[in-house]
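Spelled out, the chains give:
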Amino acid sequence: MSEAVSYELQDEIGVISVNNPPVNALAQIVREGILRSLELAQEDDSKAIVLCCEGRTFIAGADITEFGKPPREPGLPKVLSAIENSSKPVVAAIHGTALGGGFEVALACHYRCAIKSAKVGLPEVKLGLLPGAGGTQRVPRIAGVKAALDMITSGNPVAVPKAHNMGLIDALLDGDDLLSASVRYAMGLIESGAPLKRIRDINIDSKELEPDFFENARKKLARRARGQIAQDRIVSCIEAAVELPIDEGLERERELFLELVSSPESAAMRHIFFAERQAAKIKDLPKDAALRPINKVAVIGGGTMGGGIAMCFANVGIPVVLLEVNDEALDRGLGIIRKNYNITVQKGKLPENQMEQRISLISGTTNYEDIADVDMVIEAVFENVDLKKEIFGKLDSVCKQGAILATNTSYQDVDIISEATARPQDVVGMHFFSPANVMKLLEVVRGEKTSDDVLATVMQIGKKIRKVCALSRVCYGFIGNRMLGGYGREAQMLLLDGCTPSQVDSALEGFGMAMGPLAMGDLAGLDVGYKAREARTDLPDDPKLYRMGTLLVEMGRHGQKTGSGFYKYDPETRKRVADPEVEDRIIEEANKLGIERRAVSDDEILARCFYPLINEGAKILEEGIAQRASDIDVVYIYGYAFPVAKGGPMHYADAVGLKNVYDKICEFRDRYGEEYWSPAPLLKQLAEEGKSFAEWDKERSGS
Ligand code: 3HC
Ligand code: NAI
């Protein structure tokens with residue numbers, strides 16, 4: 001047959017078995033193998049055919065690495081046609097995750113049986129795609145149009161018991177022996193004379209749909225699209241399923257799938273799919289690095305970050321001890337945790353008993369003796385290096401040997417903190433993002449002396465608490481916050497040059513950022529940046545620098561919390577409104593500084609804000625702070641809400657062309673000075689060589 005697919009007759013059942021680790025993706029050899037097995041099965045003594053998979057999962061989708069390459073026969077639609085037109089019933093036997101093209105294979109089968117722990121889904125939208133092998137035409141036929149739209153535009157997997165209720169699965173199998181159970185199920189079908197059930201033959205009942213159903217769906221999805229076009233095309237496909245005969249619907253689906261596959265949005269999202277998985281791998285770490293068991297954790301400081309971090313562990317069943325300075329602070333911290341869980345319960349996203357179970361895993365203390373037995377400590381007290389050193393000294397004296405001692409510091413030097421202990425090899429940075437229980441990124445900061453097993457354990461525990469991990473070496477602000485400096489600086493400089501706050505934010509939001517930098521400043525509190533700047537000695541003495549942010553704080557406009565900052569805020573709705581007072585003040589300040597304000601284009605706003613960020617990214621790469629350019633993209637997508645449809649700042653730079661980015665930076669250097677606009681040597685080198693960051697990564701992969 002083929003290495004990836006085998007076929008054998010078991011009594012009266014022909015069993016097609018796919019074995020293409022790790023996730024049985026539908027690579028060309030798998031498609032060909034299934035097709036040839038089907039041909040054999042049509043000719044032999046089998047009365048029905050079971051299609052199942054070896055290893056950890058049913059087919060988890062098309063082989064994503066094949067997208068963007070010339071197509072190879074047989075295409076998936078041809079395989080699905082052969083399944084659907086089989087003269088003998090074909091039964092999909094599902095375990096693990098039947099996703100994307102994998103679930104579409106199952107939908108082309110005449111029957112679907114599954115073990116209860118399995119999941120099915122059409123996650124293509126998360127790759128900027130739509131299900132391209134009939135998913136948009138078949139799901140509405142069995143599950144209804146509304147359920148199909150929901151499932152395909154969200155891309156979220158559906159647990160098998162629910163999928164069974166939706167009609168997507170015909171039978172639930174008991175026990176662990178999937179093959180025997182599915183063969184028995186197939187025998188039962190033959191014995192009962194079950195017909196060749198084809199989803200294509202079902203008519204869609206569109207009476208349930210309001211007249212403007214699709215129009216409304218498009219509008220609703222457009223509001224959160226952030227540069228993604230796949231949702232819109234999915235609506236078109238489902239509309240086609242309702243209005244056209246299935247073969248024409250399938251044709252429409254194929255046409256739109258091909259459009260998406262070659263779109264820059266999908267290329268960016270596929271880049272992130274692989275980048276995220278790469279980022280979890282530490283290049284110079286042995287694959288079999290030993291792991292330390294983590295069964296109990298302590299968090300020091302129950303403020304904004306500490307509370308969220310404690311929730312991350314409790315959410316996956318790991319007990320946490322929260323340590324605070326006094327009972328009052330402790331009660332406040334624990335109270336906020338309860339309040340946060342309550343909100344989730346009220347939104348219907350967590351059953352109340354599970355909330356209680358999670359809260360019961362979080363205990364509080366003010367006594368270091370109570371954390372002596374934990375396997376990992378995460379410190380999240382005020383951002384003050386002396387305080388952090390004092391705490392690490394205490395941890396060193398109370399914690400058991402082998403405990404991992406982590407700091408959530410945003411900027412401080414992890415190596416200096418580790419020197420407060422006699423075990424720097426156990427010290428590491430675990431930089432969460434706010435709100436820590438929601439944001440997906442975990443920047444893992446590798447100190448000079450952090451040991452391999454500590455790093456490997458932190459990467460593994462990061463995955464366990466459902467974070468996306470990226471490794472950073474020590475520097476001021478690590479990868480993410482260090483790069484952010486120029487972004488915020490230019491957003492404010494642009495005001496003096498001629499923009500209004502709304503213009504700057506709208507240009508960046510139009511690009512896909514969740515929130516523009518000035519509105520973000522208002523949300524975080526302008527006083528936070530103000531205080532941080534006061535503590536810095538390395539900032540140039542330039543009256544233009546952060547001029548407006550500083551003035552607004554001095555005017556008592558600290559952002560949303562005081563009702564005004566760069567904008568005014570409606571006290572009821574918290575909606576931002578442009579404030580003429582700020583705009584007049586900007587003009588006044590520009591005049592004082594002798595800056596002639598001018599019209600600034602959106603393109604200039606994007607370049608002024610993003611190119612310093614990319615330039616710093618290039619410096620971070622050449623200094624070895626980040627392992628890969630793609631890791632930087634992961635940091636920005638998951639920690640800073642950079643639009644996934646743009647693939648992260650480094651991928652975006654590749655798309656613009658590094659030569660174009662470099663030339664523009666040189667132009668800005670000539671206009672605004674070397675201080676802020678000195679091109680990174682790596683950027684210059686790649687621009688001259690005509691290379692991309694992706695190529696740079698590739699050349700270094702494995703090193
Ligand atoms: N194609 C190619 N490689 C894939 C793949 C796919 N569809 N899915 C996973 N892989 C690779 C990963 O890159 C990873 O490789 P690595 O070990 O070299 O880093 C390896 O398989 C294991 O993947 P995970 O680390 O993600 O393993 P998990 O066990 O955590 O998760 C999973 C398994 C839930 C199946 C997850 O991998 C997943 O969600 N995969 C993608 C599913 C998907 O998007 N399918 C739709 C594809 S598009 C499609 O089908 C189009 C069709 O409509 C025509
Ligand atoms: P916070 O001010 O909300 O909380 C700090 C908590 O630490 C307070 O509850 C305080 O009582 C407690 N604390 C102070 N000294 C202590 C001691 N000696 N022992 C025990 N507890 C003590 O601060 P936040 O925002 O949670 O920040 C904490 C750390 O996380 C800082 O290092 C910060 O840089 C970092 N961080 C903050 C982010 C944010 O967005 N707020 C994001 C990522 C990291």
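Treat the numbers as computed from the prediction; the structure is a model and nothing was measured. (Residues numbered from 1 in each chain as written. Chains lettered and ligands numbered in written order. Predicted model: local features only at pLDDT ≥ 70, side-chain atom pairs only at ≥ 80, totals over all residues. Heavy atoms only, no water.)

Participant: Even after reading the chapter, I still don't get the pattern of salt bridges, so can you show me in this structure?
Facilitator: Pairing is possible between side chains that carry opposite charge, provided their charged atoms lie close to one another. Tallied over the full model, the rule gives 54 salt bridges. In this structure, E259 engages R233 in a salt bridge whose closest nitrogen and oxygen atoms are separated by 2.9 Å. Separated by 26 residues along the polypeptide, E259 in helix 10 (residues 246-261) and R233 in helix 9 (residues 230-243) bring together distant segments of the chain. According to the relative accessible area criterion, E259 is partly exposed, its value standing at 32%. Among the ionic pairs, R628 bridges to D631, the shortest N-O distance being 3.1 Å. Here the salt bridges share partners, and the residues they tie into one network are R489, E490, D497, R598, E604, R608, K664, E667 and R671. (Salt bridge = Lys/Arg side-chain N within 4 Å of Asp/Glu carboxyl O. Helix = DSSP H or I, 4+ residues; strand = E, 2+ residues; numbered from the N terminus. Buried < 20%, exposed > 50% of the residue type's maximum accessible area, 1.4 Å probe, protein only.)

Participant: What is the right way to look at helix 8 (residues 213-223) in this model?
Facilitator: One full turn of an α-helix is made of 3.6 residues, so residues set three or four places apart face in the same direction. If you check which residues of helix 8 are buried, you get F213, F214, A217 and L221. Taken down its axis, helix 8 places every buried residue within 90° of arc, on the same side. Along helix 8, the residues that are exposed and aim more than 90 degrees away from the buried face are A222 and R223. Elements in contact with the buried residues of helix 8: helix 5 (145-154) and helix 9. (Arc of directions from axis to C-beta. Contact = heavy atoms within 4.5 Å.)

Participant: Please clarify how the site of ligand 1 should be interpreted in this entry.
Facilitator: As a structural note, the neighbourhood of ligand 1 is formed by 25 residues, with R56, E104, E124, R277 and K281 the closest of them. Between ligand 1 and E124, the relevant distance is 2.5 Å, taken from an oxygen atom to a side-chain nitrogen or oxygen of the residue. Broken down by secondary-structure element, the contributors of at least two residues to the shell around ligand 1 are strand 5 (97-99), helix 3 (101-108) and helix 11 (264-279). If one sorts the elements of the shell around ligand 1 by residue count, helix 11 sits on top with three residues. By residue class, the composition of the shell around ligand 1 is 13 nonpolar, five polar and seven charged. (Near = heavy atom within 4 Å. Polar contact = N/O pair within 3.5 Å; in protein donor to acceptor, adjacent residues only side chain to side chain. Nonpolar A, V, L, I, M, F, W, Y, C, P; charged D, E, K, R; others polar.)

Participant: How should the packing of helix 18 (residues 478-497) against helix 24 (residues 602-622) be read in this particular structure?
Facilitator: Running from N to C, helix 18 and helix 24 cross one another at 155°; their axes reach a closest spacing of 8 Å. Accordingly, the angle class assigned to the pair helix 18 and helix 24 is roughly antiparallel. As helix 18 runs across helix 24, the sense of the crossing is right-handed. Residues F478, I479, R482, M483, G486, Y487, R489, E490, A491, M493, L494 and D497 of helix 18 form the contact with helix 24, whose participating residues are E604, I605, R608, C609, F610, P612, L613, E616, G617, K619 and I620. Taken together, the residues that form the contact of helix 18 with helix 24 break down as 13 nonpolar, two polar and eight charged. (Axes fitted to C-alpha atoms, helices over the stretch in contact; angles between N-to-C directions. Parallel < 35°, antiparallel > 145°, perpendicular 65-115°, else oblique. Left-handed = near helix turned anticlockwise from the far one by under 90°.)

Participant: Just checking my understanding: could you explain the packing of helix 4 (residues 135-143) against helix 9 for this structure?
Facilitator: Pairs of packed helices are described in terms of their axes, by the angle between the two and the distance that separates them. Contact pair helix 4 / helix 9: the axes reach a minimum separation of 9 Å and the direction vectors enclose 55°. In this view, helix 4 runs oblique relative to helix 9, as classed from their interaxial angle. Crossing geometry of helix 4 relative to helix 9 is assigned as right-handed. For the pair formed by helix 4 and helix 9, the contact residues are T136, Q137, P140 and R141 on the first element and C237, I238, A240 and A241 on the second.

Participant: Help me out: how do you make sense of the sheet that holds strand 10 (residues 297-300) in this one?
Facilitator: One open sheet accounts for eight strands, arranged 12-11-10-13-14-15-16-17; its pairing is mixed. Each end of this open sheet is capped by a strand with a single partner; those strands are strand 12 (362-365) and strand 17 (468-473). Taken over all neighbouring pairs, the strand axes of this sheet differ in orientation by 25° on average, direction set aside. In this sheet, strand 15 (residues 427-432) lies alongside strand 14 (residues 404-407) in parallel orientation, the contact comprising three bridges. When the sheet's bridge partners are listed, A406 is paired in strand 15 with V428. Strands strand 16 (441-446) and strand 17 of the sheet are contacted by helix 25 (residues 629-640), whose axis makes an angle of about 135° with strand 16. (Pairing = 2+ DSSP bridges.)

Participant: Is there a simple way to think about the packing of aromatic side chains in this case?
Facilitator: The relation between two aromatic rings is expressed through the spacing of the ring centres and the mutual angle of the planes. Tallying each qualifying case throughout the model produces 15 aromatic pairs. Where F668 meets W677, the ring centres are 4.8 Å apart and the plane angle is 50°; that geometry is what we call tilted. Assigned by exposure class, F668 and W677 land together as buried. In textbook terms, an aromatic cluster arises when at least three aromatic residues are bridged by ring pairs, as seen for Y487, F511, F610, F642 and Y652. Above the face of the W677 ring, R489 is positioned so that its terminal group lies 5.8 Å from the ring centre. Note that K646 overlies the ring of F511, its terminal NZ or CZ placed 4.7 Å from the centroid. (Phe/Tyr/Trp six-rings, centres within 6.5 Å; stacked < 30°, edge-to-face > 60°. Lys NZ or Arg CZ within 6 Å of the ring centre and 35° of its normal.)

Participant: It is not clear to me how the side chain of R233 should be interpreted in this structure. Could you clarify?
Facilitator: A distance of 2.7 Å separates polar atoms of two side chains, one belonging to R233 and the other to D232. At 2.9 Å, the side chain of R233 and the side chain of E259 are in polar contact.

Participant: Explain the environment of N340 here, please?
Facilitator: Structurally, the position occupied by N340 is in helix 13 (residues 327-346). Judged by relative accessible area, N340 falls into the partly exposed class, the value being 29%.

Participant: Please clarify how unusual backbone geometry should be interpreted in this entry.
Facilitator: Among all residues save glycine, negative phi is the norm, and among peptide bonds the norm is trans. Residue P22 follows P21 across a cis peptide bond; omega there is 5°. Assignment of secondary structure puts P22 in the loop between strand 2 (13-18) and helix 1 (28-43). The linkage connecting E73 with the following residue, P74, adopts the cis geometry, with an omega of -5°. Tracing the chain through its elements places P74 in the loop between strand 3 (48-53) and helix 2 (76-84). Despite not being glycine, N24 has its phi angle at roughly 55°, a positive value. Mapped onto the fold, N24 is located in the loop between strand 2 and helix 1. Looking at N24, the relative accessible area reads 2%, which means it is buried. We note that R226 has phi near 45°; this positive angle belongs to a residue other than glycine. Structurally, R226 is set in the loop between helix 8 and helix 9.

Participant: Just checking my understanding: could you explain the domain arrangement of the chain for this structure?
Facilitator: How big an interface is tends to be stated in terms of accessible area lost as the parts join. According to the domain assignment, the chain contains domain 1 (5-124 + 135-200), domain 2 (297-476) and domain 3 (480-624 + 627-703). Taking only C-alpha atoms, the centre of domain 2 and the centre of domain 3 are 30 Å apart. Listed as interface residues are 14 residues of domain 2 and, on the opposing side, 12 residues of domain 3. Both sides together, the interface formed by domain 2 and domain 3 hides about 1,100 Å², and carbon and sulfur atoms give 64% of it. On the domain 2 side of the interface with domain 3, the three residues burying the most area are L441, L471 and Y476, jointly 35% of the side's total. (Domains from an automatic or database assignment. Buried area = accessible area lost by both parts, 1.4 Å probe.)

Participant: I keep staring at the site of ligand 2 and nothing clicks. Help me out?
Facilitator: Surrounding ligand 2, one finds 22 residues, the nearest of these being M305, E324, E383, K388 and S410. Take E324: an N or O atom from its side chain is 2.5 Å from an oxygen atom of ligand 2. Alone, ligand 2 offers 830 Å² of accessible surface; in the complex the protein occludes 80% of this. Listed by contribution, the elements that provide at least two residues to the shell around ligand 2 are helix 12 (304-314), helix 15 (385-398) and strand 15. Per-element tally for the shell around ligand 2: the top contributor is helix 15, with three residues. (Areas by Shrake-Rupley, 256 points an atom, 1.4 Å probe, with all protein chains shown as cover.)

Participant: Sorry, what's going on with the nonpolar core here?
Facilitator: Nonpolar side chains in soluble globular proteins tend to be buried together. Counting 88 residues, the largest nonpolar core has I34, I83, I94, F103, V120, V139 and L168 as the members making the most contacts within it. Look past the residues within four positions of I83 in its chain and what remains in contact with it is L38, L51, V90, V105, A108, C109 and H110. L518, L526, Y662 and Y676 belong to the second largest nonpolar core, which has 78 residues in total. (Core = buried A, V, L, I, M, F, W, Y, C linked by side-chain atoms within 4.5 Å.)

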